[in-house]
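Next come the chains, spelled out residue by residue.
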Amino acid sequence: MGVDHPRERPPVRQTAGVSVLTWITFASLAAWLWLLLGQGFFWRTDVRLPERTAPDRWPPVAVVVPARDEAGVLPSSLPSLLAQDYPGRAEVFLVDDGSTDGTGELARALSREHGGLALTVDSPGEPPPGWTGKLWAVRHGMALARARTDAEFLLLTDADIAHRPDSLRELVAAASSGGLDLVSQMARLRVATAWERLIVPAFVYFFAQLYPFRRINRPGARTTAAAGGCVLLRWEAAERAGVPDSVRHAVIDDVSTARAVRRAGGRIWLGLADRVDSVRPYPRLGQLWRMISRSAYTQLRHNPLLLVGTVAGLAVVYLVPPVAVVAGALTGAGAPLVAGAAAWAVMAGTYVPMLRYYRQPVALAPLLPFTALLYLLMTVDSAVRHHRGRGAAWKGRTYARPEAAP
């Protein structure tokens, strides 16, 4: 007679591990299905300037440009502002925020060379305690504009932002047609190097996921944000909101400004730009890392619990799907393999429109988990830097937490 041998059973630990991974992977898939359909269709890139008609009267506009050590980008950006084809009166105020590279002198030289809109260059001196340098410069520029013009709109734009000739005209037409108090466009960032291709489109994708444009643009919505590179603000709305004084310590000044305007009853619109481009290069990973990590922990309100939740959320949503696919393929576990592949496919599919907006190959879409891992590490690094007293550092200045500011 033969001897019966018991069938081999998989180790209990391995079975339990696969089971846990399966549940986490299905949670990730559920999260992606919700993001696909329930997060304001954040992944769509068709939110552009709303329908607009030319106003009967073109209101005067003051363009305020805070600039600190921007000599490297001004030749590509400032002439585009001076060349604005605006039917009304417009004047540019460039505020030299303590530059050491000749930013102010270069701006004057560019104005003499290119002509166009009138340019005033001035410096406010060092910001007092409780103010960020940029907002102190904005305040000074607004004071200059108030003293010298009767502007009804402010265009707040960064020194690295280039505008097409009709940019200001289209912004004012949109604000006037829609009765909007703040119109902001997310400038199309530069994408030229390998690291920029990997990280920059994802930066805008993650921003839109956090602040879905369609939700922001609903009257009275709780979700509120702006993109600081291009903000057209009705002067009356700025005064009602107390801007910039009410947000003087904000490192993420664009979102804070939009919230202040909305709290004061203003109407907000935010979308992607067709006529506004950033010319600032970030060719190396270290430069992109510093740009993102300087404000990542501020976005989490310097809260360790929010940091832990964010890291866990990024891991489950972005990292679990590829891990589940690999683990399922190696162990023969079909459930995590299928669920992980489905979640990864939805993830990549939602990223394709942003890649197309940036004119990048859609083959980069499956690499989004790797980019998300980099963002996770940048966020943790941001928290570490803040706790070491080196957070929110930019161009030689380090800012304290808002609650610690005098």
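The name an unreviewed UniProt entry assigns to the protein is Glycosyl transferase family 2, from the organism Streptomyces albireticuli.

**What about the domain arrangement of the protein?**
On domain assignment, one finds that the protein holds domain 1 (20-45 + 287-386) and domain 2 (61-193 + 204-282). With 28 residues of domain 1 in contact, the opposing surface of domain 2 contributes 20 residues. Roughly 2300 Å² is buried in total at the junction of domain 1 and domain 2, and carbon and sulfur atoms are behind 61% of that figure. When the buried surface of domain 1 facing domain 2 is broken down by residue, Phe 42, Tyr 357 and Tyr 358 rank first, second and third, together holding 28% of it. Remark: the boundary between domain 1 and domain 2 carries 0 salt bridges. In this structure, the connection of domain 1 to domain 2 is made through 9 residue pairs in polar contact (both at pLDDT 80 or more). With 7 residues, the single largest contributor to the side of domain 1 that touches domain 2 is helix 10 (residues 285-299). Residues that form the side of domain 1 that touches domain 2 fall into these classes: 15 nonpolar, 10 polar and 3 charged.

**Describing the pattern of salt bridges**
Applying the stated criterion to the full structure yields 21 salt bridges. With a closest N to O distance of 3.3 Å, Arg 164 and Asp 277 form a salt bridge. Note that Arg 164 is positioned in the loop between strand 5 (161-163) and helix 5 (167-178) and Asp 277 in strand 8 (residues 268-278), a separation of 113 residues in sequence. Residue Asp 277 is classed as buried on the basis of its relative accessible area, which comes to 18%. A single salt-bridge network, built from bridges that share partners, covers Arg 48, Arg 164, Arg 188, Asp 274 and Asp 277.

**Quick notes on the pairing of strand 7 (residues 230-234)**
The buried count for strand 7 comes to 4 of 5 residues, which makes it a mostly enclosed element. Alignment of strand 4 (residues 153-157) against strand 7, held across 5 bridges, turns out to be antiparallel. Within strand 7, the position partnered with Leu 154 by the bridge is Leu 233. Bridge count for strand 6 (residues 182-188) against strand 7 is 3 bridges, and the pairing is antiparallel. Note that in strand 7 the partner of Leu 182 across the bridge is Leu 233.

The rules behind each value
Residues numbered from 1 in each chain as written. Predicted model: local features only at pLDDT ≥ 70, side-chain atom pairs only at ≥ 80, totals over all residues. Heavy atoms only, no water. Domains from an automatic or database assignment. Contact = heavy atoms within 4.5 Å. Buried area = accessible area lost by both parts, 1.4 Å probe. Salt bridge = Lys/Arg side-chain N within 4 Å of Asp/Glu carboxyl O. Polar contact = N/O pair within 3.5 Å; in protein donor to acceptor, adjacent residues only side chain to side chain. Helix = DSSP H or I, 4+ residues; strand = E, 2+ residues; numbered from the N terminus. Nonpolar A, V, L, I, M, F, W, Y, C, P; charged D, E, K, R; others polar. Buried < 20%, exposed > 50% of the residue type's maximum accessible area, 1.4 Å probe, protein only. Pairing = 2+ DSSP bridges.

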